[in-house]
Structures are given as C-alpha cells and as structure tokens.
Amino acid sequence: MHKAVIIGGSAGSFQVITRILSAMPANFPLPVLLCLHRLKHVRSGFVEALSIKSSIPVIEPMDKEQIKPGRAYLAPANYHMYIELGNKIALSTEEPVNHSRPSIDLSFITAAQVYREKLIGIILSGANRDGAYGLKRVKDHGGMAIVQDPEECQVKTMTDTSLKMTKVDHIFNTNEIIRFLQKIKHP
Amino acid sequence: MSTSNYEIGIVDTRAVLKILTSMGYDFRDYALTAFKRRLEHVIALHGLKNADGLMGKLNSQPEFIDQFIHDITPSTTEMFRDPSFWRVLRDEVLPEVFKGPSQPKIWLAALDSGEELYSLAIILKEQNLLDKVQLYANYSSEKTLARVKAGTLDMRNIETNEANYLRLNGKSTIHSYLSTTASHAFDPSLVEGVNFIFQKTTITEAPSAVRLALFRNRMIYQNHFLQEKTLQMLTNSLVAGGFLALGVKETLENTNTSNKFTVFNDNEKLYKRKT
C-alpha cells in the first residue's frame, strides 16, 4: 500500500498538473507532494492558481508542517522542499541544484528515503534534467516510477533524461496518470 | 551543492554526531534530512568518499573542525533575499527601532555566509543609520568570520543580489558597495563596527536590550526542541516593543513563545515583543 505521491515538473507542466489536481477524488487517501520549477522571486499567486480547479486543498507549507493525506503540498518559491522523518516537510535555502531551487531531485531523493517502496514518483514535462536522478532514487528504493509520455510533453528534456536513467514502471499520458491516481483506494 | 551518489545512512550519521558532540559541537537537534545532506556535501567537497573518511579526518586533524563548520553551515546564497522583507524593515521597522534611546542594538543571531549582514549594513547606511547603531552578529567558524570581515562574499550571485536590490528600490547600485581596493569583494568598512560573538552550534551568549533581532531561515535547520530553545534566547534578549524577524516560511505559531509576541507583518514574518 502506497503512502505518498510526488510529482515533479517544469516548463509545460502547469496545465498537466492543473488537470491532474482537478480530477483527484476529494477524499484521495494519500498526500501529493508537488515540486514544480517556478520564478524564485514571485512568492504569491502560484498556489492560488493551482487551487482554483483543484479538488483537494493545495498548500504551500511552512517549515516542519505535518504532512496529511488528501492534500497537495507545493514547494515554496526559492526554498528546497525536503521530506523529513516523522512525515514532515522541511525547507532549506541551500544552494540551487541543477540551477533550481526548489530542486525536484532533492524533493524526490528525500521522499524516497522516507517512504521507500511506498512512494509513487511522477515526472512531467520540463526543459531541465532536474528530477531524472530523483526518480532513479525513487526506483532504487523500491518505489514506483512514472513518466509522462514524451509524445505529449511540451518540452521533453526532463522526461527523456528520466527514461534514459531509469527503467520506469509506466509511461502514461495525462489521462492515464489521472485514471491511475483515481484507482488508489484507502488502505 | 551537488547530488552525489553517496547517501549517508542513519547509523553513520549518528556516529558522526557522536564525534562532533565529543568535540563540543552538538548538532543532535538539527533537522536530520538537511544535516545529512550537509554531511554528504562536506564529504564530497573534501573528497572523503564516505562517513568513515570524514570521521577519520575529524579524529586525526581536530583543526579541521573550523573548516567543517564553515562548510556545513548552509549559506544564504543571496543578498536581500525576499526584497519585500527588506522594504518593510527599512520603511516600517527601522523608524520604530530608532525612536527610542540613541544607539539601539540590532542583533543578527546567525552569521550564515555574510549576505544577511551586508544586506543589513547597506540598508542602514542608506538611511544614514549605520553609525548610529550597535550591531551584533553571532558566528561559529573563524574562516567564515575572516571572509565576512574581508567582504569576500560569493560573487557568483552578484546578478541575483543586484536584481533583489533593484526590487527594494535601493538608493544606489549594488556595485557602489564593492571594495575599491580588493577585487571580487564588498566594501569591508560596512561591517567594521560589528561586535562578533562566537558560538559553537547554538546561541550561548546573547546581547541584552536588543531592539531588532534577525534569525531568518536558520530555524529551518533545527528540530522543534532546538527551535524552542533558540526562540527563548531570542525572546529574552529583546526589549518590550523590540522586533524579531524570521524567514518567510518560519513561524512562531505553535511554539511556546507565540504568546510573547504580536504579529507585526505576517507575510514577512516580523514579530513585535509584547510589553
């Protein structure tokens, strides 16, 4: 039984993530961790934009916030978002990784260390290789690795790099990702 | 910072913590995930391969500890991080801080890599207040202190620093604060009046009667227990009506000190000590 879903995306992922969030069952049994590249100096607006159509609450967490099921947690601007033991968010101002802060790799690596085989990692469209190594770590720890079908991606760098580094479990288009998530039931 | 392939395990992390504690540097109440990543960073930086390599170096070269503290401390990596915070500080907080008796005390309770201190000094200088204040800053590494005193901040971030400075509508340009004698350095005279206080891993000595304390994006590296302890030190050092600045994703909510403060600005996480 899975414990969390983590999704990473960059250029071309906003509409995909909006569709996914709008199709989530309101009682989705897992937390959804979102690490999306964003403008570092724009603190407000993004979580509001994602919330408009989302059927689950989208939160920009404070440091050490407790992670709860049925909510989406968006990595804040200009912070790395780690998953801490005890099911908490921990934020960091450490140096950018892959020119990115938040870095998808770091969120995925730390989530993989905490949730191990009970994690589902999903990489969406993006113009940067950030996230590819993180998805590999998810798979190395026994978790499930899913990549958006590059044929559908606006920008393929992130998905192509992920597919090169990891033997993934599924290559899904947006509708298939949605159907997959909708089938996740309460334990 | 890179994502190296080496991941330090929990057993090795505990072994490193034990050595550090025996050397007087107690990191046991630091947030674990970030601390592990910092250890991996130090191990990669010094080509030590793994935790055994790091422990061997700490044991055989005790003087390495200062370099270790320098490297393990997360840098702020940009000046004027959150320009809107610095605007509020300049336009709303400083006028109140300087209302009281002369020479108010301002305390930067953690030095990081120097960016916060230089940002603060530049803001004060532009308000003609730098020579009217008593500045205090806590530091943990002599190497860090030497760099800060020489003005050698990381110049790779100069474009970010400049963009942030423009967003807070500064009076000049960021380049006007560079050293005229040394290349790749800020003007060290900005910080020559600062009183530096040494600490190991947590605040042990604090100035009293402080009117403004800054501790931004440092609590994120601590666990809840250490956060409470630090907040107690910060609270005790502040005068009634004094200000406390935390990082924009840090909060006094759900801490034991929340009832000692009122919220001055929630977006920028500025708090005011109750009377």
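My aim in this report is to walk through the structure given alongside it, one point at a time.

Procedures and definitions
- Residues numbered from 1 in each chain as written.
- Chains lettered and ligands numbered in written order.
- Predicted model: local features only at pLDDT ≥ 70, side-chain atom pairs only at ≥ 80, totals over all residues.
- Helix = DSSP H or I, 4+ residues; strand = E, 2+ residues; numbered from the N terminus.
- Rg over C-alpha atoms; globule rule 2.2 N^0.38 Å.
- Contact = placed C-beta atoms within 7 Å.
- Nonpolar A, V, L, I, M, F, W, Y, C, P; charged D, E, K, R; others polar.
- Expected span 1.5 Å × (residues − 1).
- Bend = angle between axes of the 7 residues up to and from the residue.
- Buried ≥ 20, exposed ≤ 12 C-beta atoms within 10 Å, placed from the backbone.
- Pairing = 2+ DSSP bridges.
- Axes fitted to C-alpha atoms, helices over the stretch in contact; angles between N-to-C directions.

## Structural notes on the overall build of chain A
When its secondary structure is counted, chain A shows six helices and nine strands. Its C-alpha atoms give chain A a radius of gyration of 14 Å, near enough to 16 Å, the size a compact globule of 187 residues would have. Counting only C-alpha atoms and orienting by the principal axes, one finds that chain A spans roughly 35 × 35 × 30 Å. Contacts spanning at least 24 positions in sequence make up 72% of the contacts within chain A whose residues lie at least 6 apart.

## Side note on the interface of chain B and chain A
Taken together, the contact pairs 19 residues of chain B with 21 residues of chain A. With three residues, the single largest contributor to the side of chain B that touches chain A is helix 2 (residues 32-45) of chain B. Here the side of chain B that touches chain A is composed, by residue class, of eight nonpolar, eight polar and three charged.

## Digging into unusual backbone geometry
Among all residues except glycine, the phi angle is most often negative; among peptide bonds, the trans geometry is most common. Residue and element names in this part refer to chain A. Cis rather than trans, the peptide bond between Arg101 and Pro102 has omega equal to 10°. Secondary-structure assignment places Pro102 in the loop between strand 6 (88-92) and helix 3 (104-115). You will see that Asn98, though not glycine, has its phi angle at about 50°, which is positive. As for its placement among the helices and strands, Asn98 is situated in the loop between strand 6 and helix 3. The backbone phi angle of Arg116 is positive, close to 50°, even though this residue is not glycine.

## Re helix 5 (residues 83-97) of chain B
For an α-helix, the turn length of 3.6 residues means that residues three or four places apart are oriented alike. Residue and element names in this part refer to chain B. Taking 1.5 Å of rise per residue, the 15 residues of helix 5 would be expected to cover 21 Å, and the 19 Å separating its terminal C-alpha atoms lies within 8% of that figure. The sharpest bend along helix 5 comes to roughly 40°, located at Leu89. Residues Phe85, Trp86, Leu89, Val93 and Leu94 constitute the buried set of helix 5. Residues of helix 5 that are buried make contact with helix 6 (115-126), strand 4 (210-215), strand 5 (238-246) and strand 7 (270-273).

## Describing the environment of Leu212(B)
All names here are of chain B. Tracing the chain through its elements places Leu212 in strand 4. Note: C-alpha distance between Leu212 and Lys36 (176 residues apart in sequence) is 32 Å. Setting aside residues no more than four positions away along its own chain, Leu212 makes contact with Val93, Val97, Ile106, Gly242 and Phe243.

## Concerning the sheet that holds strand 3 (residues 195-198) of chain B
All names here are of chain B. One open sheet accounts for seven strands, arranged 3-2-1-4-5-7-6; its pairing is mixed. Two strands lie at the open edges of the sheet, namely strand 3 and strand 6 (261-265), each paired on one side alone. With strand direction ignored, the average angle separating the axes of adjacent strands in the sheet is 20°. The sheet contact formed by strand 6 and strand 7 spans four bridges and is antiparallel. Counted as the bridge partner of Phe261 is Arg273 from strand 7. Running over the sheet, helix 5 touches strand 4, strand 5, strand 6 and strand 7 and is turned about 150° from strand 4. Most of the contacts of helix 6 go to strand 1 (residues 105-108), to which it runs at about 155°, and overall it touches strand 1, strand 2 (134-139) and strand 4.

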